[in-house]
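Chain residues, written in single-letter form:
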Amino acid sequence: MTAHAVRTGVWFIGARGSVATTATAGCAAVAAGLHPPTGMVTETPPFTDTGLPPLTSLVFGGHDTLDCPLPKRAEVLAAGGVLPYGLPTAVEAELTTADAEIRPGGPLPGDTRTDEELIGAFAADIEDFTRRHGLARTVVVNVASTEPAPGDDDSRMPASSLYAAAALRAGCPYVNFTPSTGLRSPHLKDAVESCGLPHAGRDGKTGQTLLRSVLAPMFVHRALPVRAWSGTNLLGGGDGAALADPAAAAAKNAGKERVLADTLGTAPEGEVHIDDVPAMGDWKTAWDHIAFDGFLGSRMILQTIWQGCDSALAAPLVLDLARLLARSHEAGLTGPRPELGFYFKDPDGGPAALFDQYAALVDFAERLREAR
Ligand SMILES: NC(=O)c1ccc[n+]([C@@H]2O[C@H](COP(=O)([O-])OP(=O)(O)OC[C@H]3O[C@@H](n4cnc5c(N)ncnc54)[C@H](O)[C@@H]3O)[C@@H](O)[C@H]2O)c1
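Residues numbered from 1 in each chain as written. Predicted model: local features only at pLDDT ≥ 70, side-chain atom pairs only at ≥ 80, totals over all residues. Heavy atoms only, no water.

S.K.: Which residues make up the overall build of the protein chain, and what values do they have?
M.R.: If you tally the helices and strands in the protein chain, you get twelve helices and eleven strands. In terms of C-alpha radius of gyration, the protein chain reaches 20 Å, essentially the compact-globule figure of 21 Å for 372 residues. Each of the three principal axes of the protein chain carries a C-alpha extent, and together these read 70 × 50 × 50 Å. Within the span of the protein chain, comprising 372 residues, buried residues form 52% of the whole. Once local pairs closer than 6 in sequence are excluded, the contacts in the protein chain between residues at least 24 apart make up 79%. As displayed, the protein chain offers around 16,200 Å² of accessible surface, 57% of which is attributable to carbon and sulfur atoms. Across the protein chain, 30 positive and 44 negative side-chain charges occur, with their mean positions spaced 4 Å apart. (Helix = DSSP H or I, 4+ residues; strand = E, 2+ residues; numbered from the N terminus. Rg over C-alpha atoms; globule rule 2.2 N^0.38 Å. Buried < 20%, exposed > 50% of the residue type's maximum accessible area, 1.4 Å probe, protein only. Contact = heavy atoms within 4.5 Å. Areas by Shrake-Rupley, 256 points an atom, 1.4 Å probe, with all protein chains shown as cover. Lys, Arg positive; Asp, Glu negative; His and termini not counted. Charge placed at Lys NZ, Arg CZ, Asp CG, Glu CD.)

S.K.: Break down the nonpolar core for me, citing the residues and quoting the values.
M.R.: Of all hydrophobic cores here, the largest spans 56 residues; its most connected members are Phe12, Val141, Leu340 and Tyr343. Of all elements in the fold, only strand 1 (8–13), helix 1 (18–31), strand 2 (58–64), helix 2 (70–79), helix 4 (92–99), strand 4 (137–142), helix 11 (310–330) and helix 12 (354–370) reach the threshold of two or more residues within this core. If one sorts the elements of this core by residue count, helix 11 sits on top with ten residues. Excluding anything up to four places from it in sequence, Leu340 contacts Ala200, Leu321, Leu324, Leu325, Leu361 and Phe364. (Core = buried A, V, L, I, M, F, W, Y, C linked by side-chain atoms within 4.5 Å.)

S.K.: Describe in detail the site of the ligand, supporting the description with residues and values.
M.R.: Taken together, 29 residues surround the ligand, and among them Val19, Asp64, Ala144, Thr146 and Tyr163 come closest. In the model, an oxygen atom of the ligand is placed 3.3 Å from a nitrogen or oxygen of the Gly17 main chain. Tyr163 is positioned such that a nitrogen or oxygen atom in its side chain is 2.6 Å from a nitrogen atom of the ligand. Protein chains bury 92% of the 850 Å² of accessible surface belonging to the ligand in isolation. Of all the secondary structure elements, the ones that give two or more residues to the shell around the ligand are helix 1, strand 2, helix 6 (159–169), helix 9 (237–243) and helix 11. (Near = heavy atom within 4 Å. Polar contact = N/O pair within 3.5 Å; in protein donor to acceptor, adjacent residues only side chain to side chain.)

S.K.: Can you lay out the sheet that holds strand 8 (residues 272–276) for me, pointing to particular residues and giving the numbers?
M.R.: With mixed pairing, four strands are arranged side by side in an open sheet as 8-7-9-10. Single-partner strands in this sheet number two, and they are strand 8 and strand 10 (299–309). Sheet twist, expressed as the average angle between the axes of neighbouring strands with direction ignored, equals 10°. Sheet topology places strand 7 (residues 226–235) next to strand 8; five bridges connect them, and they run parallel. Each residue of the ladder has a partner; that of Gly231, found in strand 8, is Val272. Set on the sheet, helix 8 (residues 208–221) makes contact with strand 7, strand 8, strand 9 (283–293) and strand 10; between it and strand 7 the angle comes to about 165°. Sitting on the sheet, helix 10 (residues 246–264) touches strand 7, strand 8 and strand 9, and the angle it makes with strand 8 is about 155°. (Pairing = 2+ DSSP bridges. Axes fitted to C-alpha atoms, helices over the stretch in contact; angles between N-to-C directions.)

S.K.: Any details on the sheet that holds strand 3 (residues 102–104)? Residues and values, ideally.
M.R.: Strand order in the open sheet made by the seven strands is 3-2-1-4-5-6-11, with parallel pairing throughout. Each having just a single partner strand, strand 3 and strand 11 (335–336) make up the two edges of the open sheet. Both strand 4 and strand 5 (residues 174–176) contribute to a ladder of three bridges, which runs parallel. Among the inter-strand pairings, Val140 is bridged to a residue of strand 5, identified as Tyr174.

S.K.: Residues and numbers for the side chain of Thr304, please.
M.R.: Inspection of the secondary structure assignment puts Thr304 in strand 10. Judged by relative accessible area, which is 15%, Thr304 ranks as buried. Among residues more than four places away in sequence, those in contact with Thr304 are Leu211, Leu215, Ala286, Trp287 and Asp288.

S.K.: Describe in detail the pairing of strand 4, supporting the description with residues and values.
M.R.: Regular strands show a simple pattern: their side chains alternate between the two faces of the sheet. Among the six residues of strand 4, six are classified as buried, and the element is accordingly described as predominantly covered. Taking every second residue as pointing to the same face, both faces of strand 4 are buried, with Arg137, Val139 and Val141 on one and Thr138, Val140 and Asn142 on the other. Summarising the sheet, strand 1 and strand 4 pair through six bridges and their orientation is parallel. Paired with Trp11 across the two strands is Val140, which belongs to strand 4.

S.K.: I'd love a proper account of the pairing of strand 7, names of residues and values included.
M.R.: Within strand 7, seven of the ten residues are buried, which leaves it mostly tucked inside the rest of the structure. Examined bridge by bridge, strand 7 and strand 9 share nine bridges and lie antiparallel to one another. In the strand pairing of strand 9, Asn233 is matched with Ala286.

S.K.: So what about unusual backbone geometry? Which residues, and what values?
M.R.: In the segment running from Gly106 into Pro107, the intervening peptide bond is cis, with an omega of -10°. Checked against the element boundaries, Pro107 lands in the loop between strand 3 and helix 5 (115–132). With an omega of -5°, the peptide bond running from Gly201 to Arg202 counts as cis. Residue placement: Arg202 occurs in the loop between strand 6 (198–201) and helix 8.

Shown next as structure tokens:
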């Protein structure tokens, strides 16, 4: 098979959500030359000739518990200003093709299947997709709604871990773009250790935490002690609704706070709050208020306001990660990939500051290039 003919699957858990729909429509738009690859780090010079699968070679499918067709989902996102006007029509064929590859997710209330049965059913869907399309490999990417962190004595696995187990069973590299448990379930410890597959997580770093991972090292390097770091987020959309559940928000905020603790060496005073404001749709406003000390104890404050479109921030990173994991798998790399910490709030090791993470990512690109 020529390199040109090799195709790669991208299997989204949460395939009808805002992030997955934006990534699917965005990939089609960029591949067709309708838009530049803004925000895609893998399209910048350090990644040239690293053997990443071209955007034109990606084939999309996934699981979701909703049945709203992708073209309709894309229309809703365009009406909210997330996708450009006219884009859903321009890429309707690609959205319809991807929509036909979305299988019912689970477990829905009343589902009597055991964890083992659910894992087997999900894995069979992914294997069937890979086989039918003659794909070299399929990368499974979790972009489903954030779930509450499971309790210590839960005998059942959370849905994110059932899907993660299914990915391993189907022999697929796995990315957890959400704060949900995924592969980090104690039930999956042995399966993860023996899987021989590359994987990366967890929780995409797209807005407030991205800014924190740049600003926190500044205070450290300028020897300015941070006394308190508080944050508030207003957002709507499906993510806003899911994070209105305090247990789901706690899972998210742990990652945001971890970035500060890892960089500053200690967790400063202050909390992060997330408010669901449905009228804002997929748009987010994040405020940070940072109290720090200056020379001779002078007290100072830095405040930041971040206003962004969540899915437009996340989608290029999701495409980057799918390509990087596919290439890692092809190059025979296995286990957690700390080189991809650049993308995550709660990464699998590696440095905590964004510029150090970027340097590690560029080194990784060089390694992938040499492995060709
Ligand atoms: N957008 C960002 O900037 C960003 C950053 C980091 C992490 N994330 C995470 O990405 C995820 C997706 O965000 P979104 O804005 O697309 O949310 P969304 O609510 O629009 O989409 C989530 C999708 O997951 C589906 N889903 C829920 N339970 C499922 C299950 N058991 N099986 C299969 N599908 C299921 C829902 O039906 C929905 O279609 C969230 O967990 C969010 O926290 C997003």
